[in-house]
Amino acid sequence: MTESGKPILYSYFRSSCSWRVRIALALKGIDYETMPINLIKDGGQQFSKEFQALNPTRQVPALEIDGITISQSLAIIEYLEETRPTPRLLPQDPKKRARVRMISDLIAGGIHPLQNLSVLKQVGQENQLTWAQNAITSGFNSLEQILQSTAGQYCVGDEVSMADLCLVPQVANAERFKVDLTPYPTISRINKTLLALEAFQVSHPCRQPDTPAELRA
Amino acid sequence: TRQVPALEIDGITISQSLAIIEYLEETRPTPRLLPQDPKKRARVRMISDLIAGGIHPLQNLSVLKQVGQENQLTWAQNAITSGFNSLEQILQSTAGQYCVGDEVSMADLCLVPQVANAERFKVDLTPYPTISRINKTLLALEAFQVSHPCRQPDTPAELRA
């Protein structure tokens, strides 16, 4: 924590995992400081000794809060939910909670790891776009079908949940990788509804302390 | 999702292994698979997510098919060693007898199958003494034995224990 006692978020403006946590912090009204970690500059600032000591996974996001450091975006969000329970990010009912976690894990564990920076570096530049598009369309095919039975206004019913925090950054990645979203009307509708909410706007990659000038909103 | 596992229980079907496990924990809370303390729970989830979201998706069947047969072993080994390098470091501050302290948790349920995969892909485990120790301790427990791939209804005869 800072001297003022504020949590510190290690974040990269464009990292979708960091964006999920930024949305959670915004929704819960938690004031925090950002320590930007540039994943590209200097060979990747996440590989510095200092950052590795703080977060052995050498990835963003990491949150310093209440005297501990947590990495993995969903572990961070669940901790925030358990310690700052209002407003809720998970429903009360266990079956609905299971749906929220299932959708969150599908995105955060099933789609995103296959199209993030370190994997794309390994597949080679000429293959990157196709690889990322395959990862996303494959996952969105399943997700669109699941949402047809779980969604109301949002991913699970009519309350914003952890699943929605995962959806918006993943759709932004889909757009970056030029994925055609026509086959995913439910995903698109929910994404549009969410982007109108303040927490999803203040946390947006185009409004971060480390957003480059040319990408700033 | 056209993937396993999926659990039909209490009138619903849940996919994604950690979502299933958290549901079981919330509806059948004894014995615990997550500690009571939120900070320890965060450590359990962090380790679980590192394995289930960070290592495993990169070395599972559908991805290996895409990288081509000649690349598969190296690709899988890289995914695992990269993740185990982080995990070994994390465990040095969280582990007791098990991944987080001295109670079996969801993190341990993720560890054992991932170590088995590491062995299948011939990953050298010498750099990971904490992972190896915890894995050995867990494999001695009955639940980890009855659930082992070599003891399932669909285990092929030649792999059966």
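Quantities reported herein were computed from a predicted structural model and do not represent experimental measurements. (Residues numbered from 1 in each chain as written. Chains lettered and ligands numbered in written order. Predicted model: local features only at pLDDT ≥ 70, side-chain atom pairs only at ≥ 80, totals over all residues. Heavy atoms only, no water.)

### Some details on the overall build of chain A
Looking only at helices and strands, one finds nine helices and four strands in chain A. Its C-alpha atoms give chain A a radius of gyration of 17 Å, near enough to 17 Å, the size a compact globule of 217 residues would have. Seen through its principal axes, chain A has C-alpha atoms that stretch 45 × 45 × 30 Å. Of all 217 residues assigned to chain A, the portion counted as buried reaches 56%. Taking all contacts inside chain A whose residues are at least 6 apart in sequence as the whole, residues at least 24 apart take part in 65%. (Helix = DSSP H or I, 4+ residues; strand = E, 2+ residues; numbered from the N terminus. Rg over C-alpha atoms; globule rule 2.2 N^0.38 Å. Buried < 20%, exposed > 50% of the residue type's maximum accessible area, 1.4 Å probe, protein only. Contact = heavy atoms within 4.5 Å.)

### Quick notes on helix 1 (residues 17-27) of chain B
Buried residues of helix 1 of chain B: Leu18(B), Ala19(B), Ile20(B), Ile21(B), Glu22(B), Tyr23(B) and Glu25(B), and no others. Looking at the buried residues of helix 1 of chain B, the elements they touch are helix 3 (73-83) and helix 4 (94-111) of chain A together with strand 1 (6-9), strand 2 (12-15), helix 2 (38-55) and helix 5 (106-120) of chain B.

### Side note on the UniProt feature "domain: GST N-terminal" (unreviewed entry) in chain A
Sites flagged by UniProt as "domain: GST N-terminal" (unreviewed entry) map to residues 5-88 of chain A. Measuring from the first to the last C-alpha atom of residues 5-88 of chain A gives 23 Å, for a span that is 35% helix and 19% strand. (UniProt positions renumbered as here; feature names shortened; annotations may be inferred.)

### Section: the packing of aromatic side chains
Residue and element names in this part refer to chain A. Across all of its chains, the model carries five aromatic pairs over all chains by this definition. Geometrically, the ring pair formed by Tyr10 and Phe51 is tilted, given 5.5 Å between the ring centres and 50° between the ring planes. In this pair, Tyr10 is assigned in strand 1 (residues 8-11) and Phe51 in helix 2 (residues 49-54), connecting sequence segments 41 residues apart. Here Tyr10 falls in the buried class, since its relative accessible area comes to 10%. Ring geometry for Tyr12 and Phe13: centres 5.0 Å apart, planes at 65°, overall edge-to-face. (Phe/Tyr/Trp six-rings, centres within 6.5 Å; stacked < 30°, edge-to-face > 60°.)

### Observations regarding the UniProt feature "domain: GST C-terminal" (unreviewed entry) in chain A
The positions that UniProt labels "domain: GST C-terminal" (unreviewed entry) are, in the present scheme, residues 93-213 of chain A. Regarding residues 93-213 of chain A, the helix share stands at 65% and the strand share at 0%, and the terminal C-alpha atoms are separated by 44 Å.

### Regarding the pattern of salt bridges
Proximity of charged atoms lets side chains of opposite charge pair with each other. The full count for this structure, using the stated rule, is twelve salt bridges over all chains. Between Asp31(A) and Lys6(A) there is a salt bridge whose closest N-O contact spans 3.7 Å. Residue Asp31(A) is located in the loop between helix 1 (16-27) and strand 2 (33-36), and its partner Lys6(A) is located in the segment before strand 1; the two are separated by 25 residues in the primary sequence. When the shortest N-O distance is used, the salt bridge between Glu82(A) and Arg41(B) registers 2.8 Å. Taken together, the residues Glu82(A) in helix 3 and Arg41(B) in helix 2 connect one chain to another. Taken together, the salt bridges that share partners define one network made up of Glu78(A), Glu82(A), Arg97(A), Arg101(A), Glu22(B), Glu26(B), Arg41(B) and Arg45(B). (Salt bridge = Lys/Arg side-chain N within 4 Å of Asp/Glu carboxyl O.)

### What about the interface of chain A and chain B?
Each partner contributes residues to the interface: chain A has 37 residues there, and chain B has 35 residues. Both faces combined, the contact of chain A with chain B buries some 3000 Å², and carbon together with sulfur accounts for 61% of it. Between Arg101(A) and Glu26(B) there is a salt bridge, and its shortest N-O distance comes to 3.0 Å. The interface formed by chain A and chain B holds nine residue pairs in polar contact (both at pLDDT 80 or more) in total. (Buried area = accessible area lost by both parts, 1.4 Å probe. Polar contact = N/O pair within 3.5 Å; in protein donor to acceptor, adjacent residues only side chain to side chain.)

### Comments concerning helix 7 (residues 162-176) of chain A
Residues and elements named next belong to chain A. With 15 residues, helix 7 ought to run about 21 Å at 1.5 Å a step, and its terminal C-alpha atoms sit 22 Å apart, in line with that. In terms of residue burial, helix 7 counts as a mostly covered element, since twelve of its 15 residues are buried. Burial in helix 7 covers these residues: Met162, Ala163, Asp164, Leu165, Cys166, Leu167, Val168, Pro169, Gln170, Val171, Asn173 and Ala174. On its buried side, helix 7 packs onto helix 1, helix 3, helix 4, helix 6 (128-150), helix 8 (185-195) and helix 9 (198-202). (Expected span 1.5 Å × (residues − 1).)

### A word on the nonpolar core
Ranked by internal contacts, the top residues of the largest apolar core, which has 107 residues, are Ile103(A), Phe140(A), Leu143(A), Leu167(A), Ile47(B), Phe84(B) and Leu111(B). For this core, the two domains that each supply at least three residues are domain 1 (8-87 + 201-215) and domain 2 (94-197) of chain A. Beyond its immediate chain neighbours, meaning those up to four positions away, Leu143(A) contacts Ile103(A), Leu106(A), Ile107(A), Leu167(A) and Ile187(A). Core analysis: the second largest hydrophobic core is formed by nine residues, Ile8(A), Leu39(A), Phe51(A) and Ala62(A) among them. (Core = buried A, V, L, I, M, F, W, Y, C linked by side-chain atoms within 4.5 Å. Domains from an automatic or database assignment.)

### What about unusual backbone geometry?
Where the residue is not glycine, phi is negative for most of them; where a peptide bond is considered, it is trans in most cases. A cis geometry characterises the amide bond from Thr86(A) onward to Pro87(A), with omega recorded as -5°. For the bond from Val4(B) to Pro5(B), the omega torsion is 0°, close enough to zero to count as cis. Positive phi is not limited to glycine here, since Asp66(A) has a value of about 55°. Checked against the element boundaries, Asp66(A) lands in the loop between strand 3 (62-65) and strand 4 (68-71). Using a relative accessible area of 24% as the deciding quantity, one classes Asp66(A) as partly exposed. We note that Lys178(A) has phi near 60°; this positive angle belongs to a residue other than glycine. When you line up the elements, Lys178(A) lands in the loop between helix 7 and helix 8.

### Description of the UniProt feature "domain: GST C-terminal" (unreviewed entry) in chain B
Following the UniProt record, one finds the feature "domain: GST C-terminal" (unreviewed entry) at residues 37-157 of chain B. For the annotated span residues 37-157 of chain B, helix accounts for 65% and strand for 0% of the residues, and the straight-line distance between the end C-alpha atoms is 44 Å.

### Topic: the sheet that holds strand 4 of chain A
All names here are of chain A. Judged by pairing direction, the sheet is mixed, and its four strands sit side by side in the order 2-1-3-4 without closing on themselves. In this open sheet, the two strands that pair with only one neighbour each are strand 2 and strand 4. The sheet shows a mean angle of 20° between the axes of neighbouring strands, direction not considered. Taken together, the four bridges between strand 1 and strand 2 define a ladder with parallel strand orientation. Of the residues in strand 2, the one forming a bridge with Tyr10 is Met35. Lying over the sheet, helix 3 contacts strand 3 and strand 4, oriented at roughly 130° with respect to strand 4. (Pairing = 2+ DSSP bridges. Axes fitted to C-alpha atoms, helices over the stretch in contact; angles between N-to-C directions.)

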